Amino acid sequence: MHWQTSRFSIDLSRPRVMGIVNVTPDSFSDGGQHATSSAAMAHCEALLRDGADILDIGGESTRPGAPPVSLEEELARVLPVVRHAVTLGVPVSVDTYKPAVMQAALDLGADIINDVWALRWRGDASGKTGQDVVAAHPNCGVCLMHMHRDPQTMQVAPMAGDVVPQVLLFLQQLALDLKGLGVDSTRICLDPGIGFGKTVAQNFSLLARQAEAVPQGYAVLAGWSRKSSLVAVTQTGSPQGAGLGIEQRLAPSVTAAVLAVQNGAHVVRVHDVRETISGLRVLAAMQAEQVPCASPGPR
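These notes cover the structure that comes with them.

Thresholds applied
- Residues numbered from 1 in each chain as written.
- Predicted model: local features only at pLDDT ≥ 70, side-chain atom pairs only at ≥ 80, totals over all residues.
- Heavy atoms only, no water.
- Helix = DSSP H or I, 4+ residues; strand = E, 2+ residues; numbered from the N terminus.
- Buried < 20%, exposed > 50% of the residue type's maximum accessible area, 1.4 Å probe, protein only.
- Contact = heavy atoms within 4.5 Å.
- Salt bridge = Lys/Arg side-chain N within 4 Å of Asp/Glu carboxyl O.
- 1 Å grid on protein atoms, 1.4 Å probe; cavity = no way out; pocket = protein on both sides within 12 Å on 5 of 7 lines; lining within 4 Å.
- Points joined across faces, edges and corners; volume = space filled by probe spheres on them.
- Nonpolar A, V, L, I, M, F, W, Y, C, P; charged D, E, K, R; others polar.
- Axes fitted to C-alpha atoms, helices over the stretch in contact; angles between N-to-C directions.
- Parallel < 35°, antiparallel > 145°, perpendicular 65-115°, else oblique.
- Left-handed = near helix turned anticlockwise from the far one by under 90°.
- Pairing = 2+ DSSP bridges.

1. Structural notes on the overall build of the chain
Item 1. Tallying secondary structure elements over the chain gives 10 helices and 10 strands in all.
Item 2. Taking all 299 residues of the chain together, 52% fall into the buried category.
Item 3. Partitioning the intrachain contacts of the chain with sequence separation of at least 6 by distance along the chain shows that 71% fall at a separation of at least 24.

Below, the structure is given as structure tokens:
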């Protein structure tokens, strides 16, 4: 399987690691660390040294309760970093739901639109939708994510019942809608939306039944990195991980990424690229039954 993007046809015969670049002061995991253009550009290069296959650049936090960012502010945050990233020789994804940001990023040579709203947002003053922008582009990639409600309210009233068939139906319909506009399925990647309006139990149901939650024949992206659900099952007495340091989420984040790939994910979106790659190499060695046996040392 390949994921077709603006400049690259990404070979998904092995899992690909998407490194997160948050050009924001308020992201839940690393807000402020890469908020300036120069810091974000340097982080892009650091992620590539760590082995990232794809860079994902975003200028607006989508953590639960995050306030929206104006179009002008998002453009000012994102475009200088995209302009630099497209010179680095890897696919560049832009994490945005605003059609005007999508268009500006694609005009600079970005490869992928990664949209938590799955191209459904209707607030653009021009009347354009994300579907319009993606469908008008000859070959950009797109990632459609399932989100219940919106970032301001999604965890106030999470989904009810068995989320797997609900997520499947949502992603199936959005992918079909986009294909109806002429976008080939090879350009479409689907994300079940871990943490976006789901309970802890529902998130792990999506992990365990990932193959059921995403329509067959599409690339699958999983975004577990540093999510509070990981803390909920590894730390007692703090169901949402409140007050716990981000550094405590590394091991469960890597574990979740490996499990997501084992259950069929083709791309994992992560903060900790080097450590995730190490985990995936262990999985690959086991799957290939090529675990090297060290020579026994002296006793």
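2. Points about the pattern of salt bridges
Here the idea is simple: oppositely charged side chains can pair when their charged atoms come close.
Item 1. Using the criterion set out here, one finds 12 salt bridges in the structure.
Item 2. The salt bridge involving Arg-7 is made with Asp-111; its shortest N-O contact spans 2.8 Å. In this pair, Arg-7 is assigned in the loop between strand E1 (2-4) and strand E2 (9-11) and Asp-111 in the loop between helix H3 (99-107) and strand E6 (112-115), connecting sequence segments 104 residues apart.
Item 3. The exposure class of Arg-7 is partly exposed, given its relative accessible area of 37%.

3. Topic: empty space enclosed by the protein
Item 1. Overall, the coordinates contain two cavities of 30 Å³ or more when judged by the stated rule.
Item 2. By volume, the largest cavity is sized at about 40 Å³.
Item 3. Every residue lining the largest cavity is listed: Glu-60, Thr-62, Glu-74, Asp-95, Thr-96, Tyr-97 and Val-116.
Item 4. Broken down by class, the residue content of the lining of the largest cavity amounts to two nonpolar, two polar and three charged.
Item 5. Here the second largest cavity defines a volume of roughly 30 Å³.
Item 6. Around the second largest cavity, the lining residues are Ser-225, Ser-253, Val-254, Val-270, His-271, Asp-272 and Thr-276.
Item 7. For the lining of the second largest cavity, the residue count by class is two nonpolar, four polar and one charged.

4. Some remarks on the environment of Glu-275
Item 1. For Glu-275, the position within the fold is in helix H10 (residues 273-288).
Item 2. Along the chain, Glu-275 and Ser-253 lie 22 residues apart, while their C-alpha atoms are 9.5 Å from each other.
Item 3. Apart from the residues lying within four places of it in its own chain, the contact partners of Glu-275 are Leu-250 and Val-254.

5. A short note on the packing of helix H5 (residues 163-180) against helix H6 (residues 200-208)
Item 1. Between H5 and H6, whose axes approach to 9 Å, the crossing angle comes to 65°. For the element pair H5 / H6, the angle class is roughly perpendicular. Considering how the two elements wind past one another, H5 and H6 form a crossing that is right-handed. From H5, Val-163, Val-164 and Val-167 reach across to H6, where they touch Gln-202, Ser-205 and Leu-206.
Item 2. Class assignment of the residues belonging to the contact of H5 with H6 gives a composition of four nonpolar, two polar and no charged.

6. Some words on the sheet that holds strand E5 (residues 92-95)
Item 1. Spatially, the eight strands close up into a barrel ordered E3-E4-E5-E6-E7-E8-E9-E10, and their pairing is parallel. The sheet shows a mean angle of 25° between the axes of neighbouring strands, taken without regard to direction.
Item 2. Together, strand E3 (16-22) and strand E4 (54-58) form the strand contacts of helix H1 (residues 37-49), whose direction differs from that of E3 by roughly 160°.
Item 3. Along the sheet face, H10 touches E3 and strand E10 (267-270) and points at about 165° away from the line of E3.

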